[in-house]
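# Descriptive analysis of the structure
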Amino acid sequence: MEVRALTPHALHDVRDLFGTSSVTRGCWCVWFLVRGQAAHDGWGSVNQERFEHLVSDGAEPAGVLAYDSEGRPVGWCATGPRSRYARVLRSPLTAPTRDATEDDAVWFVPCFYVRPASRRAGLTRRLLDAAAAEATRHGAKAIEGFPLAGPGPHRDDRYLGTEGLFAACGFTEVARPSPRRVVMRREL
């Protein structure tokens, strides 16, 4: 298994991976990047264009991509400076603890996607660790996420990750803004 930062040269790999689900084919991991109805209104090709533009023009990677031993893309973790994620900046989940002066220096992990046949093999943990390593390489002071709270079972919104996953990767609780969500942070 290899996990590496997404570059414009690997966009074909993301197209292949996201093509395995109707949700990723529509969202293209832009839900947290845009405000309001924009993600719904752009479902499909418009969101794909937004995502590909971010990957092509971004100084920092849009995330990390995992490959199996045969070189097939099998997992994705979105990450980047918190300032990139318009929906996160306006979220009541992060408002109580968010220091706006850190938005460029703190990275955020909004979502994961793993190919169905590759699930339950610890891949999400490897993706999260790789996201933290990428944030470190780019000089981030910390990395955060707002995963699902508690032990579960979690049937919906698993793309956010779970509290247990984040804790296993060295993240600690910053706030518990709702019974279902926890804000977690790892200093880098």
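The structure this text deals with has already been given above.
So, a few notes on the structure that sits alongside this text. What you are looking at is a predicted structure, and each value in this text was computed from that prediction instead of being measured.

### Digging into the pattern of salt bridges
In total, this model carries 16 salt bridges according to the counting rule given. When the shortest N-O distance is used, the salt bridge between R4 and E2 registers 2.9 Å. A salt bridge links E144 to R185, with the nearest nitrogen and oxygen atoms 2.8 Å apart. In this pair, E144 sits in strand β7 (residues 142–145) while R185 sits in strand β9 (residues 181–187), placing the two residues 41 residues apart along the sequence. Several salt bridges converge on common partners, so that one network encompasses R82, R98, E102, D103, K141, E144, R185 and E187.

### Focus on the packing of helix α1 (residues 11–18) against helix α4 (residues 45–57)
Two numbers describe how α1 lies on α4: the axes approach to 11 Å, and their chain directions differ by 145°. Crossing of α1 over α4 shows right-handed handedness. Each of L11, V14, R15 and F18 in α1 lies in contact with α4, whose residues at this interface are Q48, F51, E52, V55 and S56. Class assignment of the residues belonging to the contact of α1 with α4 gives a composition of five nonpolar, two polar and two charged.

### Examining helix α6 (residues 123–137)
Compared with an ideal rise of 1.5 Å per residue, which puts 15 residues at 21 Å, α6 spans 21 Å between its outermost C-alpha atoms and is within 8% of the ideal. Turning to α6, its buried residues are L123, L127, L128, A130, A131, A132, E134 and A135. Just downstream of α6, G139 is the residue with a positive phi angle, here 80°.

### Quick notes on the sheet that holds β7
Strands sit in the order β4-β5-β7-β9-β8 across an open sheet of five strands; the sheet is mixed. In the strand order of this sheet, the two ends are held by β4 (80–81) and β8 (172–178), each with one partner. Examined bridge by bridge, β7 and β9 share four bridges and lie antiparallel to one another. For A142, the partnering residue across the bridge sits in β9 and is E187. With respect to the sheet, α6 is in contact with β5 (106–109), β7 and β9, its orientation differing from that of β5 by roughly 160°.

### Considerations on the environment of Y85
Residue position: Y85 is located in the loop between β4 and α5 (86–89). Judged by relative accessible area, which is 2%, Y85 ranks as buried. Residues Y85 and Y159, 74 residues apart in the sequence, show an inter-C-alpha distance of 16 Å. Apart from residues lying up to four places away in sequence, Y85 is in contact with F32, L33, A62, A78, T79, G80, F108 and P110. A distance of 3.5 Å separates the side chain of Y85 from the backbone nitrogen of G80, its partner in a polar contact.

### Topic: the pairing of strand β3 (residues 73–78)
In terms of residue burial, β3 counts as a mostly covered element, since six of its six residues are buried. Here strand β2 (residues 63–67) pairs with β3 via five bridges, running antiparallel. Of the residues in β3, the one forming a bridge with L65 is W76. Hairpin connection, β2 to β3: the antiparallel pair is bridged by five residues, and G71 has positive phi, about 85°. Where β3 meets strand β6 (residues 112–114), three bridges bridge the pair, whose relative direction is antiparallel. Bridge pairing in β6 links C77 to F112.

About the criteria used
Every residue gets a number counted from 1 within its own chain, in the order that chain's sequence is written. Only residues with pLDDT of 70 or above have their local features reported here, since the model is predicted, and side-chain atom pairs are shown and tallied only from 80 upward, although totals for entire chains, interfaces and linings are computed over all residues. Side-chain measures were taken over the full set of non-hydrogen atoms in the model, leaving aside hydrogen atoms and water. Here, a salt bridge means any side-chain nitrogen of Lys or Arg that lies within 4 Å of a carboxyl oxygen of Asp or Glu. Only runs of H or I of at least four residues qualify as helices and only runs of E of at least two qualify as strands under DSSP, and these elements are numbered from the N terminus. Only C-alpha atoms enter the line fits that serve as axes; for helices the fit covers just the stretch in contact. Angles between N-to-C directions range over 0 to 180 degrees. In this scheme the crossing of two helices becomes right-handed for a clockwise turn of the near helix relative to the far one and left-handed for an anticlockwise turn of less than a right angle. Here, two residues are considered to be in contact whenever any of their heavy atoms come within 4.5 Å of each other. Residues are grouped as follows: nonpolar covers Ala, Val, Leu, Ile, Met, Phe, Trp, Tyr, Cys and Pro; charged covers Asp, Glu, Lys and Arg; every other residue, Gly included, is treated as polar. Each helix should span, by expectation, one fewer than its residue count multiplied by 1.5 Å. Exposed residues in this analysis have more than 50% of their type's maximum accessible area, buried residues have under 20%, and partly exposed residues fall in between, with area computed by a 1.4 Å probe over protein chains only. We call two strands paired when DSSP finds no fewer than two bridges between them. Each polar contact in these results corresponds to two N or O atoms within 3.5 Å; when the atoms are within protein, one needs to be able to donate a hydrogen and the other to accept it, and residues that are neighboring in sequence are counted only if both atoms are side-chain atoms.

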